[in-house]
Amino acid sequence: MKHRTSPVSSGVDGLDDILHGGFVPGRMYLVHGQPGTGKTLLGMHFLEEGLNNNETVLFIHGEESKEEIIANGNAVGIDVTDAEFLDLGPDSDFFTEDYSYDLVDPSDIEQDRYTQDIHDAIREIDPDRVVVDPITQLRYVEANDYQFRKRILAFMRFLKQREITVVTTATPSTDQEYDTEIRSLSDGIVELTRGDGGRRIKVAKHRALGQREGDHGMEIRGNGLEIFPQLVPERHEHPFESIQLEFGIEGLDELVGGGFDKRTVTFISGPTGAGKTSTGTQFLAQAAKNGMKSAVYLFEEDMETYEHRSEAIGMPVTSMREEGTLSITEIEPRTLSGEEFAHMVKQEVDKRETDIVMIDGLDGYTTSIQGNEDMLVRKLHALTRYLKNRGVTVMITNEISEITGISNATSNNLSYVADNLMFLSYVEMDGSLRKVVGVLKKRSGSFEHNLREFEIASSGIRVGEPLTGLYGILQGTPRTGGPTEPNSYE
């Protein structure tokens with residue numbers, strides 16, 4: 001007897017995380033989903049993992065031939081060639097021969113053949129793992145739902161007595177009673193879906209061990225299934241230290257009260273072309289001078305453009321990359337789920353011990369990442385909380401629609417996520433457009449409540465003295481003399 005007590009790995013790391021370690025030994029699991037969602041691939045991962053552990057595995061199939069299954073697996077890097085196979089599908093000559101059942105119900109003959117074939121194979125092979133793809137083939141040979149339930153219960157008991165872990169697959173049926181029946185009989189249910197939010201996976205039930213709730217990101221790529229569990233912010237013990245990170249520009253550092261604290265989230269908001277990305281990059285360049293490592297994720301421009309624009313104003317991002325103080329990642333639109341992006345950032349922090357993460361920009365994130373906007377905002381909030389708990393400082397650029405003035409600190413009502421809010425804006429002064437910079441919020445420490453003129457030149461960012469004696473700057477049309485006096489610039 002096997003007498004295994006530790007969880008049985010599914011063969012997919014992300015799924016094992018969701019299952020709190022893997023499948024319970026000797027139990028039966030249902031993988032449920034529409035055609036093309038990856039049910040069979042998950043079963044093949046499960047069997048390949050067994051083969052890698054020198055276990056005996058059995059693939060019971062009825063819709064595809066052994067050759068097709070092996071070829072489909074090889075196409076995505078899954079090798080189940082050494083598995084045992086039991087084909088319950090009809091032979092090709094079924095369509096040319098005349099079968100007649102004069103004295104017995106045809107289901108009785110098929111039922112006996114299926115049952116005997118499965119029992120004989122399992123007794124002979126004595127597998128550790130079994131995949132039944134699909135389990136519905138057993139339903140087709142039963143006279144009614146009552147008989148099907150009896151058959152499945154007997155099948156489960158037979159497998160449990162032999163301590164075999166089983167993964168079955170099924171497509172949602174129009175017969176609600178049948179769906180309910182097969183789900184209730186299973187010890188665990190893994191649901192696969194595919195829609196506007198990309199591929200998703202959810203564990204709806206997992207007896208004995210429980211599961212991580214919610215649905216999670218999933219992709220099918222060259223190495224099979226890749227699963228990205230939702231990021232759960234963990235509490236990391238970091239003693240509070242009020243260490244301020246500077247921009248390295250005198251006027252800007254004076255404006256923000258000496259700098260923004262480590263382990264905070266800063267939003268830089270402003271209209272297009274105002275200088276949000278350049279301001280954030282200046283923050284990273286100054287951090288590099290102090291020996292800190294940063295990572296920037298580009299959602300709205302390509303890497304070459306970003307490097308060229310930064311170098312043109314004296315920010316040495318190329319040498320920063322070469323020295324290992326900066327990594328730059330360009331995100332292709334609609335290729336990642338929110339969970340996969342969070343996983344990418346987490347790996348970056350783990351591998352390089354990154355101090356600062358910059359997301360450039362927020363609108364690009366919500367349009368480039370798969371899923372609806374509200375869901376993505378929640379995932380971004382979870383990511384920033386996770387990073388702060390890890391001791392990482394976060395900077396996010398955010399485009400707002402107003403060209404002059406500012407009515408909202410951030411788009412998407414995300415100001416609650418920010419510890420610090422800096423904004424850039426255009427204002428009309430002396431008949432021309434000029435830029436100003438200000439701070440609306442800083443959770444810890446003081447900051448200037450005045451605005452300062454802001455300029456980007458070939459030598460870099462310049463920030464002037466506080467603008468005094470002007471009113472209506474936030475409306476985009478400054479005036480002198482007092483709040484109620486006419487605008488002298490009109």
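Scroll up to find the structure.
First, a word on scope: everything that follows refers to the structure included in this document. Worth saying up front: this structure is predicted, and the values here are computed from it rather than measured. (Residues numbered from 1 in each chain as written. Predicted model: local features only at pLDDT ≥ 70, side-chain atom pairs only at ≥ 80, totals over all residues. Heavy atoms only, no water.)

### Here we look at the sheet that holds strand S22 (residues 460-467)
Spatially, the 9 strands line up as an open sheet ordered S14-S13-S16-S18-S12-S19-S20-S21-S22, and their pairing is mixed. Here the strands that pair on one side only, and so sit at the sheet edges, are strand S14 (326-330) and S22. Strand after strand, the sheet turns through a mean of 20° between neighbouring axes, direction not considered. The sheet contact formed by strand S16 (residues 356-360) and strand S18 (residues 393-399) spans 5 bridges and is parallel. Bridging from a neighbouring strand, valine 357 pairs with valine 394 of S18. Together, strand S12 (265-270), S16 and S18 form the strand contacts of helix H14 (residues 373-389), whose direction differs from that of S18 by roughly 150°. (Pairing = 2+ DSSP bridges. Helix = DSSP H or I, 4+ residues; strand = E, 2+ residues; numbered from the N terminus. Axes fitted to C-alpha atoms, helices over the stretch in contact; angles between N-to-C directions. Contact = heavy atoms within 4.5 Å.)

### Comments concerning the side chain of glutamate 55
In this fold, glutamate 55 is placed in the loop between helix H2 (39-52) and strand S2 (57-61). A polar contact of 2.7 Å, which involves the side chain of glutamate 55, links it to the side chain of arginine 129. (Polar contact = N/O pair within 3.5 Å; in protein donor to acceptor, adjacent residues only side chain to side chain.)

### Remarks on helix H3 (residues 66-75)
All of the buried residues along H3 are Ile69, Ile70 and Gly73. Taken end-on, H3 shows its buried residues confined to a sector of 95°, consistent with a single buried face. Facing away from the buried side of H3 by more than 90 degrees, the exposed set consists of Glu67 and Ala75. The elements touched by buried residues of H3 are H2, S2 and strand S3 (84-87). Residue glycine 77 follows H3 closely and has a positive phi angle near 80°. (Buried < 20%, exposed > 50% of the residue type's maximum accessible area, 1.4 Å probe, protein only. Arc of directions from axis to C-beta.)

### Observations concerning the packing of aromatic side chains
Applying the stated rule across the entire model yields 9 aromatic pairs. Ring centres of phenylalanine 247 and phenylalanine 283 lie 5.0 Å apart, and the angle between their planes is 55°; this geometry places the pair in the tilted category. With phenylalanine 247 in the loop between strand S10 (244-245) and helix H8 (250-255) and phenylalanine 283 in helix H9 (residues 276-289), the pair connects residues that are 36 residues apart, well separated along the chain. When sorted by exposure, phenylalanine 247 lands in the same class as phenylalanine 283, which is buried. Ring geometry for phenylalanine 299 against tyrosine 365: centres 5.7 Å apart, planes inclined by 80°, an arrangement best described as edge-to-face. Taken together, the residues phenylalanine 299 in the loop between strand S13 (294-298) and helix H10 (303-312) and tyrosine 365 in helix H13 (residues 362-368) connect sequence positions 66 residues apart. (Phe/Tyr/Trp six-rings, centres within 6.5 Å; stacked < 30°, edge-to-face > 60°.)

### So, unusual backbone geometry
With an omega dihedral of 0°, the bond running from aspartate 133 to proline 134 counts as a cis peptide bond. That bond from aspartate 360 to glycine 361 is cis: its omega, 0°, falls within 30 degrees of zero. Structurally, glycine 361 is set in the loop between S16 and H13. A positive phi angle, near 55°, is found at glutamate 163, a position not held by glycine. By secondary structure assignment, the location of glutamate 163 is in the loop between helix H6 (145-161) and strand S5 (165-170). We classify glutamate 163 as partly exposed; its relative accessible area is 21%. With a phi close to 60°, arginine 263 is a non-glycine residue in the positive phi region. Positionally, arginine 263 belongs in the loop between strand S11 (260-261) and S12.

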